[in-house]
Amino acid sequence: MKVLLASLFVAAAAGTVSAQAFFESGAAGTFSTADWATDRYAPAGWTGGATDPLGGASLRISVSNADRRDLRPGAFNSAFYDTQGRQRASAIAGTWEVGGEIFIPASWLQPGTLRRSDLWARDNNPDEGSSRYLIAGFINNDPADGFNPLAGGFSPRFRVWNSTVGWTNLSVAVRTDQYNSLRIVNTGTSHEYYINGALVASNSGASYSQIGFSDLRTTWVQAFNFGNASNAASLPDSGYDVHWRNVYAIPAPGAMGLLGVMGLAAARRRR
């Protein structure tokens, strides 16, 4: 059975994966920093093959209070560097899909915490001002008082971003103490966002990539450090860990076939 599954995976990968497509399961040896370069500011920890809260393998991203805004070196103590993660080149032409699974602890839905982690993608427009960034992620702050862990509008939620609209908060159930799947799909005429398999947002027209620049260029996995001088009293420790697994960038629609093989293999391992 193991040989059969391995053969199926190789066949699926050979049929769907271009040179810079990838599938990172979270197991030891994946999420290598040789493949994933620092974006903005390096997170305190980036550990492939970590043990997740369910006892499985994951990428663990660690945010540290020592890297909060007011404690970072002078060149990095602006809000831009509150985003702390890594990126991977993902040159995929035509239609494409990026996805991943994030573990959401029940504690992240309790007031007094500030947590955020996202999956990002960017098209291949060489003009940064005209490029399209696509983001799907989780955040739990008060939208009107984002750095106050005790704010009355504490709101755990998924949300998505595109470069012409900005953030859209979603009324989608957050599954706690388990993984939640995020997907961003370029159909060729629109960008579609999926949370736990459900289509939750789509952008097309002026929000879609400019003509000739809809290919995928880069994929990111990000976390966020909420600590700064103004909230040091209410948030004395801005550190936390976030777990990701099964992060990929792949031509669409072949992604779902590849993921089916992966899911079958994972189910076999669990049994």
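Details of the structure are given in the entry above.
Residues numbered from 1 in each chain as written. Predicted model: local features only at pLDDT ≥ 70, side-chain atom pairs only at ≥ 80, totals over all residues. Heavy atoms only, no water.

**Thoughts on the nonpolar core**
Note on soluble globular proteins: their nonpolar side chains tend to be buried together.
Okay, step 1: Ranked by size, the top nonpolar core spans 41 residues in total, and within it I61, W96, V98, V221, W244 and V247 carry the most contacts.
Okay, step 2: It is strand β15 (residues 240-251) that contributes the most residues to this core, five residues altogether.
Okay, step 3: If near-sequence neighbours (up to four positions away) are discounted, I61 is found in contact with P43, G45, W46, V221, A223, Y240, D241, V242 and W244. (Core = buried A, V, L, I, M, F, W, Y, C linked by side-chain atoms within 4.5 Å. Buried < 20%, exposed > 50% of the residue type's maximum accessible area, 1.4 Å probe, protein only. Helix = DSSP H or I, 4+ residues; strand = E, 2+ residues; numbered from the N terminus. Contact = heavy atoms within 4.5 Å.)

**Here we look at the environment of W167**
Okay, step 1: Within the fold, W167 resides in strand β10 (residues 166-169).
Okay, step 2: Measuring from C-alpha to C-alpha, the distance between W167 and I135 comes to 8.8 Å, with 32 residues separating the pair along the chain.

**Topic: the side chain of D52**
Okay, step 1: Tracing the sequence through the fold places D52 in the loop between β3 (45-51) and β4 (57-63).
Okay, step 2: Buried within the structure, D52 lacks any salt-bridge partner; R245 is the closest side chain of opposite charge, at an N-O distance of 4.6 Å.
Okay, step 3: At a separation of 2.8 Å, a polar atom in the side chain of D52 contacts the main-chain amide nitrogen of L54.
Okay, step 4: Within the structure, the side chain of D52 is placed 2.7 Å from the side chain of Y179, a separation counted as a polar contact.
Okay, step 5: Non-local contacts of D52, meaning those with residues more than four positions away in its chain, are made with A57, S58, Y179 and H243. (Lys, Arg positive; Asp, Glu negative; His and termini not counted. Salt bridge = Lys/Arg side-chain N within 4 Å of Asp/Glu carboxyl O. Polar contact = N/O pair within 3.5 Å; in protein donor to acceptor, adjacent residues only side chain to side chain.)

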